[in-house]
Amino acid sequence: MNPRRVAITGLGVVAPLGNSVGALMAALMAGQSGVRRLTTPRGDGLRSPIAAGVTFDGAGFFAAPRLRMLDRVSQFALFAAAAAVADARLDFAVEARHRCGVCVGTSIGGAETTEQGYHTLYAERSDRIQPYSVINAMNNAAASWIGLEYGLEGANLTYSTACSSSAVAIGEAARRIQSNDADMMIAGGAEAPLAAGVLRAWEAMRTLASEDPRDPSSSCRPFAKNRTGLVLGEGAAFVVLEEWDHARARDATIHAEFAGYGITSEVTHITRPSVDGQARAMAAALRSANLQPADIGYINAHGTATLQNDAVETAAIKAIFGAAAYSIPVSSTKSMHGHLLGAAGALEFVITVLALERGIVPPTMHLSVPDPECDLDYVSGGARSDVTLRAAMSNSFAFGGTNAVLIVRADSTMT
Amino acid sequence: MSTLDQLQEILHRDYGIARDALHPDAALETLGLDSLSVLELMFKIEDGFAVKITEDTPTDLVTVGDVVRYIDGLLTRTAAGSAHRPAGIAVSP
């Protein structure tokens with residue numbers, strides 16, 4: 001039996017460049033960067049005090065009694081999921097909610113709550129740990145709140161595979177629909193890692209970008225010879241995935257068809273990527289989508305701007321696409337919105353869906369010094385529009401070795 | 001200001017509950033205050049009433065009036081000098 005088809009009917013974000021998909025895409029197409037110098041005490045002592053933060057005050061969206069139960073990561077998740085549900089024009093009250101579920105990817109969950117707890121304990125030397133600490137900090141809090149919000153009685157799952165967490169969440173959610181375990185899934189990712197302790201831990205790993213002294217917003221330079229590392233970002237992105245006929249029956253707007261999902265694991269080192277591992281994930285996604293490499297018109301790269309990733313990812317793309325690799329636009333939007341860790345895959349998937357739907361390709365910014373090892377078309381000269389795309393790919397690779405690749409396809413049956 | 005007035009002020013300010021809903025017979029649960037909220041409220045009572053709570057939070061606090069009576073008991077014991085303990089706990093650096 002053929003797997004059931006999956007439609008993408010809702011998109012929602014809270015992101016460094018805007019808290020709506022419209023604002024986000026406009027900023028990306030204009031090549032704007034959400035990377036800023038940290039002005040809060042969180043940046044104190046950092047060698048490179050930059051990040052891509054979100055302008056968001058939860059008090060404007062959640063009443064006080066509820067807000068105390070929501071870490072920033074869950075606030076982001078609820079906001080972006082609500083935007084996706086609104087975009088899908090869904091009313092779960094009239095849906096079979098036992099056939100609906102939630103898949104969320106997050107790498108570190110309620111990091112601010114955890115940090116606050118340690119601050120209370122070790123810095124204030126107080127025993128007043130907030131009673132809500134556990135439910136705020138637990139990794140599955142965001143998924144649970146979304147399920148509670150809409151009364152979704154199907155699977156409620158949280159995936160934590162570092163930087164591919166939310167790509168995995170979306171892929172696994174689609175599979176639940178394909179296999180007839182669900183009819184609709186709210187899927188995506190959320191991350192709120194801009195706590196001082198988390199920033200310091202990433203700095204200690206020597207993976208963060210050096211601050212550009214002339215223009216901090218251009219510090220993240222994927223695929224450039226002078227790239228120095230990633231810039232941490234925060235936010236959330238969610239999609240509504242829906243069984244194809246269900247979406248058609250209620251006359252939903254279909255942004256794109258969920259086409260394929262490939263996943264592989266690195267087995268040589270906890271952080272070192274391999275060309276083979278990444279290439280096999282892309283091949284697996286193509287196979288699952290029943291598409292050929294020639295069908296892919298745009299690749300949203302993982303493109304972290306670390307020395308290792310960008311060269312390996314470039315080689316992996318060449319391994320799969322051969323000579324055609326040079327003619328496929330490949331961009332790393334992380335150059336603008338930073339690295340959202342567990343939310344990165346979902347945010348970049350949403351961007352990929354919108355690129356496909358609107359026939360546009362967002363650029364890789366801050367790439368002015370080419371690297372001979374990174375010699376593809378990275379769209380470094382600015383965004384492109386009026387592009388006809390039949391299918392597009394979004395890559396997510398992770399510390400811990402979980403490589404996840406998602407493919408979307410234009411809906412050829414819609415006009 | 002009575003204990004009830006002061007408690008109403010805390011619950012209004014920190015939990016966004018309308019003052020006129022905070023009558024002594026109002027059940028905490030129906031005001032949106034679950035068991036974890038009541039635990040958290042104990043910190044606010046310590047600050048607001050300058051008392052130290054050394055025992056486990058009682059489980060029989062059901063209404064606003066129950067909390068008022070509990071606070072009054074704490075105030076009486078504090079006045080008698082029996083409910084005090086030093087601030088903070090010893091934690092190794």
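You'll find the structure just up there.
Here the structure is a predicted model, which means the values were calculated and not measured.

S.K.: Give me the lowdown on helix α1 (residues 21-29) of chain A, citing residues and values where you can.
M.R.: Residues and elements named next belong to chain A. Among the residues of α1, Val 21, Leu 24, Met 25, Ala 27 and Leu 28 are the ones counted as buried. Across the axial projection of α1, the buried residues extend over an arc of 160 degrees, all falling on one side. The secondary structure elements touched by the buried residues of α1 are β1 (6-14), α12 (334-337) and α13 (344-358). Positioned one or two residues after α1, Gly 31 has a phi angle of 75 degrees, which is positive.

S.K.: Any details on the nonpolar core? Residues and values, ideally.
M.R.: All names here are of chain A. Ile 8, Ile 170, Val 239, Leu 241, Phe 258 and Phe 349 are the most contacted members of the largest nonpolar core, which has 52 residues in total. At the level of secondary structure, the elements contributing two or more residues to this core comprise β1, α1, α7 (165-178), β6 (184-191), β7 (235-243), β8 (256-265), α13 and β12 (402-409). At 10 residues, α13 tops the list of elements feeding residues into this core. Three or more residues apiece are contributed to this core by two domains, here domain 1 (6-249) and domain 2 (260-413). With sequence-adjacent residues up to four places away left out, Phe 349 is seen in contact with Ile 8, Ile 170, Val 239, Phe 258, Ser 394, Leu 406 and Val 408. Val 14, Val 73, Ala 88 and Leu 90 belong to the second largest nonpolar core, which has 36 residues in total.

S.K.: Got a sec to walk through the state of the cysteines? Specific residues and values, please.
M.R.: All names here are of chain A. What the rule picks out here adds up to zero disulfides over all chains. Of all cysteine sulfurs, the one in Cys 220 lies closest to Cys 163, which takes part in no disulfide; the gap is 13 Å. Take Cys 374: it sits in no disulfide, and the sulfur closest to it among the cysteines is that of Cys 220, at 13 Å.

S.K.: I'd like to hear about the packing of aromatic side chains, residue by residue, with values.
M.R.: Residues and elements named next belong to chain A. Evaluation of the coordinates by the stated rule reveals nine aromatic pairs over all chains. Relative to Phe 79, the ring of Phe 61 has its centre 4.8 Å away and its plane inclined at 70 degrees; by these criteria the two rings are edge-to-face. Of this pair, Phe 61 sits in the loop between β3 (50-51) and α2 (64-67) while Phe 79 is found in helix α3 (residues 72-87), placing the two residues 18 residues apart along the sequence. On the basis of an interplanar angle of 50 degrees and a centroid distance of 6.2 Å, the ring pair of Phe 258 and Phe 349 is categorised as tilted. With Phe 258 in strand β8 and Phe 349 in helix α13, this residue pair connects regions lying 91 residues apart in the sequence. One aromatic cluster is present, built from ring pairs that chain together Phe 56, Phe 61, Phe 76 and Phe 79. Taking the ring centre of Trp 244 as reference, the NZ or CZ of Arg 5 above it sits at 4.0 Å.

Calculation criteria
Residues numbered from 1 in each chain as written. Chains lettered and ligands numbered in written order. Predicted model: local features only at pLDDT ≥ 70, side-chain atom pairs only at ≥ 80, totals over all residues. Heavy atoms only, no water. Buried < 20%, exposed > 50% of the residue type's maximum accessible area, 1.4 Å probe, protein only. Helix = DSSP H or I, 4+ residues; strand = E, 2+ residues; numbered from the N terminus. Arc of directions from axis to C-beta. Contact = heavy atoms within 4.5 Å. Core = buried A, V, L, I, M, F, W, Y, C linked by side-chain atoms within 4.5 Å. Domains from an automatic or database assignment. Disulfide = S-S within 2.5 Å. Phe/Tyr/Trp six-rings, centres within 6.5 Å; stacked < 30°, edge-to-face > 60°. Lys NZ or Arg CZ within 6 Å of the ring centre and 35° of its normal.

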